[in-house]
Amino acid sequence: MFDSLSDRLGGVFDRLRGRGALTEADVRTAMREVRVALLEADVALPVARAFVERATEKAIGQDVLRSVTPGQQVVKIVHDELVEMLGPDTAELDLNKTPPAVVMLVGLQGSGKTTTTAKLAKMLRGKENKKVLMASLDVNRPAAQEQLATLGTQTEVATLPIVEGQQPVDIAKRALQSAKLQGHDVLMLDTAGRLHVDQALMDEMKAVADVANPAEILLVVDSLTGQDAVNVAERFSEQVPLTGVILTRMDGDARGGAALSMREVTGKPIKFAGMGEKLDAIEPFHPKRVAGRILGMGDVVSLVEKAAASIEQEDAERMAERLAKGKFDMNDLRAQLAQMRKMGGLGALAGMIPGLKKAQAAMASGAVDEKLLLRMDAMISSMTPEERAKPALMNAKRKRRVANGSGTTVQELNRLMKMHQEMATAMKKMKKMGGIKGMMAMLG
Ligand code: GDP
């Protein structure tokens, strides 16, 4: 899923990052390419158009073009727009109703409703320890109710006994009554599908919803159906009060655009993704992860995000300049430590910057806390400007003085110096790799 989109966007961004400075025209060209990539991935035209308009406006409207890394900033803007398009947060099922909370699944025939009903029931029973009853309202497709009963046996979830000839609204009423009597927490209603959206189907959905008053009405959409999925979603969301979308067959190699359009078209969050035929192949939908996967650059994005949040522009420029030269003295270490404190400790950053992990391991305790960062800062403060610029000047006598002056010990100071040494070496290596830009390009 998303492979070709990912490749296409990767190409656009490589070209962007390849240039140092960017002009407005560069950004506009890149955004046109983004739009083509989205359309080729089957994203609905109005969705792609609105997406690119918003991203372009942000990219040329802010100080992006004057920043140290304009290419990176543009990538981040596209990333953020993708997350926005997919829905900003992971959306949970809302089952906080007087039991039984009714979850109704709707969608076309073959979209994966019955399978998904069983998957969700199994998940709720297992992970959340809920008592679940499933009922099939599909009286059109022969053996649909039997199919659900079989899945019920496999997942050890109760199903409503089948009464031949009963119609959907009556089945729903009976299911509700049965769930109440037997103390079920959740009632899952698997509704009938059709090959195409038609009014009779919609009327049936509405009648069932009136009777069952569902906590959730989830539209099940096959992500392999491409543009057609968007039309289906539009029709359903016009007629039935949906609360969310479930995309099935996300394990397949569809171009993925339907998935990308779904939230925008229905205005409802994508709650789950079906990842296979097995009954535990269902996952909560994580917009950020999916966006990161599409852009193939989750790490860079979070790195840029964190950096942008706390590094002042000048600091960043100065640091970039020093790093480009492969230089790293105690003043640089001190600036880094201050940034780390702002960014929530070493742990959060260690995985992202080469060399940091090693430096962290070089320290006595694996867990670096705020206090330790402050002690390191105190040691550096106690050094003379000379010593800060050239730590090698520190002999045993001067080390004792610094330790005394900062209320620390010589052992601690030695560890700090070792860490500095490790980082300085890493920076030199990074310079060989082409500096920060080279590193970013490699990560991207
Ligand atoms: P319904 O007509 O909407 O109830 O669809 P079904 O639940 O009967 O599913 C139709 C087919 O799609 C079945 O063969 C399922 O095993 C398959 N299916 C459902 N969800 C997924 C999924 O997420 N991935 C894959 N690969 N197959 C799925």
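Residues numbered from 1 in each chain as written. Predicted model: local features only at pLDDT ≥ 70, side-chain atom pairs only at ≥ 80, totals over all residues.

Looking up the chain in an unreviewed UniProt entry gives the name Signal recognition particle protein, with the organism given as Stakelama saccharophila. Per UniProt, the chain has the following entry under Subunit (unreviewed entry): "Part of the signal recognition particle protein translocation system, which is composed of SRP and FtsY. SRP is a ribonucleoprotein composed of Ffh and a 4.5S RNA molecule." Database annotation for the chain, UniProt heading Sequence similarities (unreviewed entry): "Belongs to the GTP-binding SRP family. SRP54 subfamily." (UniProt positions renumbered as here; feature names shortened; annotations may be inferred.)

## Details of the overall build of the chain
If you tally the helices and strands in the chain, you get 21 helices and eight strands. Summarising the internal contacts of the chain: among those between residues at least 6 apart in sequence, 75% fall at separations of at least 24. (Helix = DSSP H or I, 4+ residues; strand = E, 2+ residues; numbered from the N terminus. Contact = placed C-beta atoms within 7 Å.)

## Details of the UniProt feature "domain: SRP54-type proteins GTP-binding" (unreviewed entry) in the chain
Within this structure's numbering, the places UniProt gives as "domain: SRP54-type proteins GTP-binding" (unreviewed entry) are residues 269–282. Secondary structure content for residues 269–282 is 0% helix and 43% strand, while the C-alpha to C-alpha distance between its ends is 16 Å.

## Re the site of the ligand
Contacts to the ligand come from 18 residues, most closely from G112, K113, T114, T115 and G274. The biggest single contributor to the shell around the ligand is helix 5 (residues 113–126), with three residues. Split by residue class, the shell around the ligand holds two nonpolar, twelve polar and four charged. (Near = placed C-beta within 6 Å. Nonpolar A, V, L, I, M, F, W, Y, C, P; charged D, E, K, R; others polar.)

## A few points about helix 8 (residues 199–212)
In a regular helix each residue adds 1.5 Å, so 14 residues correspond to 20 Å; helix 8 covers 20 Å between its end C-alpha atoms and thus fits that length. By the burial criterion, the buried members of helix 8 are L201, E204, M205, V208 and A212. Viewed along the axis of helix 8, the buried residues span an arc of 100 degrees, placing them on a single side of the element. In helix 8, the exposed positions that point more than 90 degrees away from the buried face belong to Q199, D203 and D210. Those residues of helix 8 that are buried are in contact with strand 1 (101–106), helix 7 (168–181) and strand 4 (186–190). Of the residues trailing helix 8, N213 is marked for its positive phi of about 45 degrees. (Expected span 1.5 Å × (residues − 1). Buried ≥ 20, exposed ≤ 12 C-beta atoms within 10 Å, placed from the backbone. Arc of directions from axis to C-beta.)

## Details of the packing of helix 4 (residues 70–86) against helix 11 (residues 287–295)
When two helices pack together, their arrangement is captured by the angle between the axes and the distance separating the axes. Taken N-terminus to C-terminus, the directions of helix 4 and helix 11 make an angle of 135 degrees; their axes are 9 Å apart at the nearest point. Classified by the angle between their axes, helix 4 and helix 11 sit oblique to one another. Regarding helix 4 and helix 11, the two cross each other, and that crossing is right-handed. Here helix 4 contributes V75, H79, L82, V83 and L86 to the contact with helix 11, which in turn contributes P287, K288, V290, A291, I294 and L295. (Axes fitted to C-alpha atoms, helices over the stretch in contact; angles between N-to-C directions. Parallel < 35°, antiparallel > 145°, perpendicular 65-115°, else oblique. Left-handed = near helix turned anticlockwise from the far one by under 90°.)

## Section: the nonpolar core
V103, A175, L187, L189, V221 and A233 are the most contacted members of the largest nonpolar core, which totals 100 residues. Ranked by the residues each element gives to this core, the list is headed by helix 4, at seven residues. A domain-level breakdown of this core finds at least three residues from each of domain 1 (3–86) and domain 2 (101–285). If you look at the next biggest cluster of nonpolar residues, it comprises 14 residues, including L333, L416, M419 and M423. (Core = buried A, V, L, I, M, F, W, Y, C linked by C-beta atoms within 7 Å. Domains from an automatic or database assignment.)

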